[in-house]
Amino acid sequence: MQFNRLSDLIAANQLQGKRVFIRADLNVPQDDNGNITEDTRIRASVPAIQQALQAGAAVMVTSHLGRPTEGEFKAEDTLAPVAKRLSELLGVTVELKQNWVDGVDVAPGQVVLLENCRVNKGEKKNDDALAQKMAALCDVYVNDAFGTAHRAEATTHGIAKFAALACAGPLLSAELDALGKALGHPARPLVAIVAGSKVSSKLTILKSLADKVDNLIVGGGIANTFMLASGLKIGKSLAEADLVEEAKAIIAMMAQRGASVPIPTDVVCAKEFSPTAVATVKAVADVQDDDMILDIGPTTAALLAEQIKKAGTIVWNGPVGVFEFDQFGNGTKVLAQAIADSAGFSIAGGGDTLAAIAKYNIADKVGYISTGGGAFLEFLEGKTLPAVEILLQRAVK
């Protein structure tokens, strides 16, 4: 993918004395008192800000936080706690600016935080008039918020149309490089793990990947639907009977290309869904009418682990069982360890996937962990992300 990078502009000394507008993703979780409970996104935004400051720019940073009503600023919408945390991380005072659309006072070597961008009328509708005002604030626009790249909003898309220069920050650049490597020009075999409770929520991803991957490993409720499609009994397990034909079509599409959707040969069942449920390993042929399948079995996990270890590229979205309950976590644990042990390039994303990576302590063994959530899923679906598309259009040829 050809796009302007902040690092290239800095190398060409194009930021000295310039006004730089950074769209970051500082949408952090807070408790009832507004205290930040987890600051990963703020820490991830620091490199772009530091690089721009060191390059001699006057730096403006903004983000959304929560779900404010446009045009109605409320105390809980404020980025004040973020400004405080950014000041601590950067070692400089980061002033919070209100009502900034018509002008911002900031000097080279200084950084200011612009209040919650979603409070501005027209932000979510990507209003051109608002975007033009924002573009007039800066010489260089930097998008470093992959988590919002699937939304066409004034601070993610509109401003990039009108700014004199538009580029990707280090976080967005790394994300696009990793996704491009995994799906654009992957080392083969390409293995995708797509798991979750519903086929319906991941159907477009499954169809998109079925066209590209060598092995499509399904897990969770999705695997149960594929087991139904293969003529197996799944008891009272979570599945979507109305999507069996879609699952059959995906299996057929893969088979036509000489690729496969491995169907579990053994599973871990319980009679109830609870943290204290008794786990029983069964061959798929032995699943009873009152059984709930809550994980893949050890034989299946070992076979899939072998496929993963031989992979050139691995894309992982979703745990394959109810890993929050340890007795149904073995499948996810075995696959996570196989990803960690694989010499192939791996990219993982999605909230539950990140929780599994943390639980099994393999973060340093995954090639790239996507921060994107919805944007990561839409990229896997083969969709064009508006915030990325505009940067590709604005690239200096």
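Quantities reported herein were computed from a predicted structural model and do not represent experimental measurements.

A. Quick look at the overall build of the protein chain. Scanning the protein chain from terminus to terminus reveals 14 helices and 14 strands. Oriented by its inertia axes, the alpha-carbon framework of the protein chain measures out at about 70 × 50 × 35 Å. The buried share of the protein chain, taken over its 397 residues, is 54%. Look at the contacts in the protein chain between residues 6 or more apart in sequence, and 74% of them connect residues 24 or more apart. Accessible area for the protein chain stands at about 16600 Å²; split by element, carbon and sulfur atoms hold 51% of it. The centroid of the 38 positive side-chain charges in the protein chain is displaced by 3 Å from the centroid of its 45 negative side-chain charges.

B. Up close: the pairing of strand β5 (residues 140–143). Here β5 shows no split at all, with V140 and V142 on one side and Y141 and N143 on the other all buried. Two strands pair when backbone bridges link them, and strand β1 (residues 19–23) and β5 are joined in this way by 4 bridges, in the parallel orientation. Counted as the bridge partner of I22 is V142 from β5. Summarising the sheet, β5 and strand β6 (residues 165–168) pair through 4 bridges and their orientation is parallel.

C. Region of interest: the pattern of salt bridges. Throughout the structure, instances matching the rule amount to 18 salt bridges. Linking E153 and R118 is a salt bridge whose minimum nitrogen-to-oxygen distance equals 3.3 Å. Here the residue E153 occupies a position in the loop between β5 and α5 (154–162), and R118 occupies one in the loop between β4 (111–114) and α4 (128–135), the gap between them amounting to 35 residues. Here E153 falls in the buried class, since its relative accessible area comes to 3%. A salt bridge links K359 to D326; the shortest N-O distance between them is 2.6 Å. Of this pair, K359 sits in helix α12 (residues 351–359) while D326 sits in the loop between β12 (313–317) and α11 (330–341), and the two are 33 residues apart along the sequence. Given the relative accessible area of 36%, K359 is considered partly exposed. Under the relative-accessibility criterion, D326 is labelled exposed at 60%. In this structure, a network of salt bridges that share partners links the residues D39, R43, K84, R85 and E88.

D. Structural detail: the sheet that holds β5. Pairing is parallel in the open sheet, where 6 strands are placed in the order β3-β4-β2-β1-β5-β6. Each edge of the open sheet is held by one strand with a lone partner, namely β3 (95–97) and β6. Strand-to-strand, the axes of this sheet are offset by a mean angle of 25°, without reference to chain direction. With 4 bridges joining them, strand β2 (residues 58–62) and β4 adopt parallel strand pairing. Residue T62 lies in a different strand from β4, and its bridge partner there is L114. Here α5 sits on the sheet and contacts β1, β2, β5 and β6; the angle it forms with β5, its principal contact strand, is near 145°.

E. Representation of the packing of aromatic side chains. A full pass over the atoms with the stated rule returns 4 aromatic pairs. On the basis of an interplanar angle of 50° and a centroid distance of 5.9 Å, the ring pair of F21 and W100 is categorised as tilted. Separated by 79 residues along the polypeptide, F21 in strand β1 and W100 in the loop between β3 and β4 bring together distant segments of the chain. For F21, a relative accessible area of 0% translates into the label buried. Residue W100 is classed as buried on the basis of its relative accessible area, which comes to 2%. Seen in terms of ring centroids, F21 and Y141 are 6.2 Å apart; in terms of plane orientation they differ by 40°. Their pairing is tilted. Separated by 120 residues along the polypeptide, F21 in strand β1 and Y141 in strand β5 bring together distant segments of the chain. Joined through ring pairs, the aromatic side chains of F21, W100 and Y141 make up one cluster.

Reading the values: rules and limits
Residues numbered from 1 in each chain as written. Predicted model: local features only at pLDDT ≥ 70, side-chain atom pairs only at ≥ 80, totals over all residues. Heavy atoms only, no water. Helix = DSSP H or I, 4+ residues; strand = E, 2+ residues; numbered from the N terminus. Buried < 20%, exposed > 50% of the residue type's maximum accessible area, 1.4 Å probe, protein only. Contact = heavy atoms within 4.5 Å. Areas by Shrake-Rupley, 256 points an atom, 1.4 Å probe, with all protein chains shown as cover. Lys, Arg positive; Asp, Glu negative; His and termini not counted. Charge placed at Lys NZ, Arg CZ, Asp CG, Glu CD. Pairing = 2+ DSSP bridges. Salt bridge = Lys/Arg side-chain N within 4 Å of Asp/Glu carboxyl O. Axes fitted to C-alpha atoms, helices over the stretch in contact; angles between N-to-C directions. Phe/Tyr/Trp six-rings, centres within 6.5 Å; stacked < 30°, edge-to-face > 60°.

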